[in-house]
Amino acid sequence: MSDEDTGLEEAFRAGLQRRADDVDTTVSVVPAARAAVRRRRRRRVVAGLAATGVAAAMVTAVVVRDDGHAPGTKDPDGVAVDPGPAEPLPSQWRTETWHGMSVDVPADWGWGVAPTSMSFEPEEQYLCGGPGALVDSDGRNRVNPVETLPWVGRPNMASDLCMQSARPDARAAYVWLGAAIEPGTVDAGNGYTQETVDVAGTTLTVATQDAELRERIISSAGPTDSGCAPSLASAPTVEMMLTEGLRDPSSAQVCAYRKEEGASTWELVYATTLDAAQATTYHSQVYDGGREWAPDFCDTYVAERVLVTIVGDDPYGDTEVTQDTVVDPQCGEVSGSPGMVSPLSAKGMRAWSHNGAQVSLYGLIGPMG
Amino acid sequence: MDVGVTDRPGTAGLSFEAWASARVDGLLRFAYLVTGSQHAAEDAVQEALASACAKWSRISRTREPDAYVRRMIVNAHVSGWRRTRRESPVAEVREASYADPAARADTGDAVWRVCQALPRQQRAAVVLRFYEDLDYPEIAEILGVAEPTVRSHVHRALAALRVELTEEDQP
């Protein structure tokens, strides 16, 4: 680690400590927390009494879960009964990003599409390449959507085979990012409830059978914390190249941008973080030497660029350094130094895009059929 | 210097009141750094402690209470944002943070400005790293993200502070 980095870290420590020292800690938070717990327990018991009398209330007080999970169902007499163990929430989550919004979703959900409208029929919403997951969570492209596999969809056309999205017959849970749907809750069929909320200037739509899972997903949404800028005034470019390169890549940040037709800015459409193995493969493919370099990317009909920032170590020290690279997904070309591009091997392309990028970028979706 | 949340005695056998009373100052300071607001910090700590209290018999035996409450505070910040998202909290914070040009002269203020401008998860990572002195795997566990993501968050925060301080130095 360099002296400069050490100094910055020390500045953070000192600055945060100074702010922390100014916090008012005389407030009565512990008694208030205690009182809140008592009030909640009392409300549960009172609710039981009002509904079914003293005996039933005792039952209710026993079966209501302390942690506020799924509410109990009622028997024919209206008495609360234990619904049995609730489906546990997933333990593994990943973050999905669209424009200025990030949201956490179960890590084993795949990727697909969200509703989009056609220019000739702007009032109707269509799923073009769905419903269902087109890409598994492990990055395997199914080519045809798997209707029963939960998925995260973006408003893209992944196929020219489209169907109306308003049919209430959901067969799997889904999260739609940026769909043109009014905020509110609707029945999505088969026990699924679809809820749409406004978040960070776009929309988040979540459909699940489990209300707690839906709440968990929606409550995780907020302004993007992917590490990527949500919007760029111009296409990302490589401004600097490390003269001595970097060694032992530990990760890489992928920020994929698209400039829609008629738009003035490049919007973030997909983001993810590569692990050390993926980053190492990508790094080796970008800087493999012996390839032809050109001054610019090929001409394409899709304005998409992917900023891939590799994190690694300084070859001659312990400092962590980063190197920006930019990929044109349609060209299959990469810029690894200012003003220079070259072809990127299939291995290099796969290293950064073996994930939801396959159905998030038109350059990777390719010609539709 | 106040004792940080991580400098704690053992919790086995402690009552909720005994544990919470020993930890609440540190938790409030931590929550303030994460949320950027005294009011939000009090709400987040109260909510987290209420949850811990309701489950204390289980948490005190099978879980690490400090990590549990820190995670609750970070999550409460997210939920709190959700309830007030129409008020554009990010824009408000940024406007307030740059309101006083004289404050820019100080490194401590630069640190705070950078923190306020960071996305909430990055900010939590920075606080856990540089205030709580947690290592990267511990932070990843609390935030529920991969370790490389935490490293990236911290790295970008350092880069942002470098830029902030460089801009301050310029006439």
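Residues numbered from 1 in each chain as written. Chains lettered and ligands numbered in written order. Predicted model: local features only at pLDDT ≥ 70, side-chain atom pairs only at ≥ 80, totals over all residues.

(A) Representation of the overall build of chain B within the structure. What chain B contains, in helices and strands, is 9 helices and 0 strands. Reading the secondary structure of chain B in the N-to-C direction produces α-α-α-α-α-α-α-α-α. Of all 171 residues assigned to chain B, the portion counted as buried reaches 45%. (Helix = DSSP H or I, 4+ residues; strand = E, 2+ residues; numbered from the N terminus. Buried ≥ 20, exposed ≤ 12 C-beta atoms within 10 Å, placed from the backbone.)

(B) View of unusual backbone geometry. Residues and elements named next belong to chain A. For the bond from G130 to P131, the omega torsion is 5°, close enough to zero to count as cis. When you line up the elements, P131 lands in the loop between β7 (121-128) and β8 (133-135). For A200, which is not glycine, the phi dihedral falls at a positive 50°. Within the fold, A200 resides in the loop between β14 (192-199) and β15 (202-208). Judged by the 21 C-beta atoms lying within 10 Å of it, A200 falls in the buried class.

(C) Spatial organisation of the interface of chain A and chain B. On the chain B side, the residues contacting the 46 residues of chain A number 52 residues. Those elements giving two or more residues to the side of chain A that touches chain B turn out to be α1 (3-21), α2 (29-63), β3 (93-98), β16 (222-223), β18 (247-258) and β21 (320-328) of chain A. Looking at which element gives the most residues to the side of chain A that touches chain B, the answer is α1(A), with 14 residues. Grouping the amino acids of the side of chain A that touches chain B by side-chain chemistry returns 19 nonpolar, 14 polar and 13 charged. (Contact = placed C-beta atoms within 7 Å. Nonpolar A, V, L, I, M, F, W, Y, C, P; charged D, E, K, R; others polar.)

(D) Expanded view of helix α8 (residues 136-143) of chain B. All names here are of chain B. Of the residues making up α8, those classed as buried are I139, I142 and L143. The buried residues of α8 occupy one face: seen down the axis, they fall within an arc of 90°. Remark: G144 follows α8 within two positions and exhibits a positive phi of approximately 70°. (Arc of directions from axis to C-beta.)

(E) Spotlight on the packing of α1(A) against helix α6 (residues 107-117) of chain B. With their axes 8 Å apart at the nearest point, α1(A) and α6(B) run at an angle of 85° to one another. When the axis of α1(A) is compared with that of α6(B), the two are roughly perpendicular. Residues A:A11, A:F12, A:A14, A:G15, A:L16, A:R18 and A:R19 of α1(A) pack against B:T107, B:G108, B:V111 and B:W112 of α6(B). When the residues that make up the contact of α1(A) with α6(B) are grouped by side-chain class, the tally is 6 nonpolar, 3 polar and 2 charged. (Axes fitted to C-alpha atoms, helices over the stretch in contact; angles between N-to-C directions. Parallel < 35°, antiparallel > 145°, perpendicular 65-115°, else oblique.)

(F) Highlighting the nonpolar core. Core analysis: the largest hydrophobic core is formed by 72 residues, its most contacted members being A:V175, A:V254, A:A256, A:Y282 and A:V308. For this core, the element with the highest residue contribution is strand β19 (residues 266-274) of chain A, accounting for 6 residues. Residue-level mapping places this core at the junction of two domains, with at least three residues from each of domain 2 (93-223) and domain 3 (231-365) of chain A. A:Y282 has contacts with A:A252, A:L274, A:V308, A:I310, A:G348, A:A351 and A:W352, leaving out every residue within four places of it along the chain. In terms of nonpolar packing, the next biggest core, distinct from the first, is built from 55 residues, A:V23, B:A31, B:A44 and B:A48 among them. (Core = buried A, V, L, I, M, F, W, Y, C linked by C-beta atoms within 7 Å. Domains from an automatic or database assignment.)

(G) Local environment of the pairing of β21(A). Residue and element names in this part refer to chain A. Pairing between strand β20 (residues 304-313) and β21: 8 bridges, direction antiparallel. Residue pairing across strands places L307 opposite V326, the latter belonging to β21. Two successive antiparallel strands, β20 and β21, enclose a turn made up of 6 residues. (Pairing = 2+ DSSP bridges.)

(H) Quick look at the confidence of the model for chain B. Residue and element names in this part refer to chain B. Looking at chain B as a whole, the pLDDT averages 74, with 70% of positions reaching at least 70. Segment residues 1-10 is flagged for pLDDT under 50; beyond a separation of four residues in sequence, or across chains, it makes 24 contacts in the model. Confidence drops under a pLDDT of 50 for residues 79-105, and excluding neighbours within four residues, the segment shows 24 contacts in the predicted structure. Model confidence for the complex is summarised by a pTM of 0.56, with the ipTM given as 0.79. (pLDDT = per-residue confidence, 0-100.)

(I) Main features of α1(A). All names here are of chain A. The first and last C-alpha atoms of α1 sit 27 Å apart over 19 residues, in line with the 27 Å expected at 1.5 Å per residue. For α1, the full list of buried residues reads L8, A11, F12, G15, L16, R19 and A20. The arc that holds the buried residues of α1, viewed along the axis, is 155°, so those residues lie on one side. Along α1, the residues that are exposed and aim more than 90 degrees away from the buried face are D3, T6, E10 and D21. (Expected span 1.5 Å × (residues − 1).)

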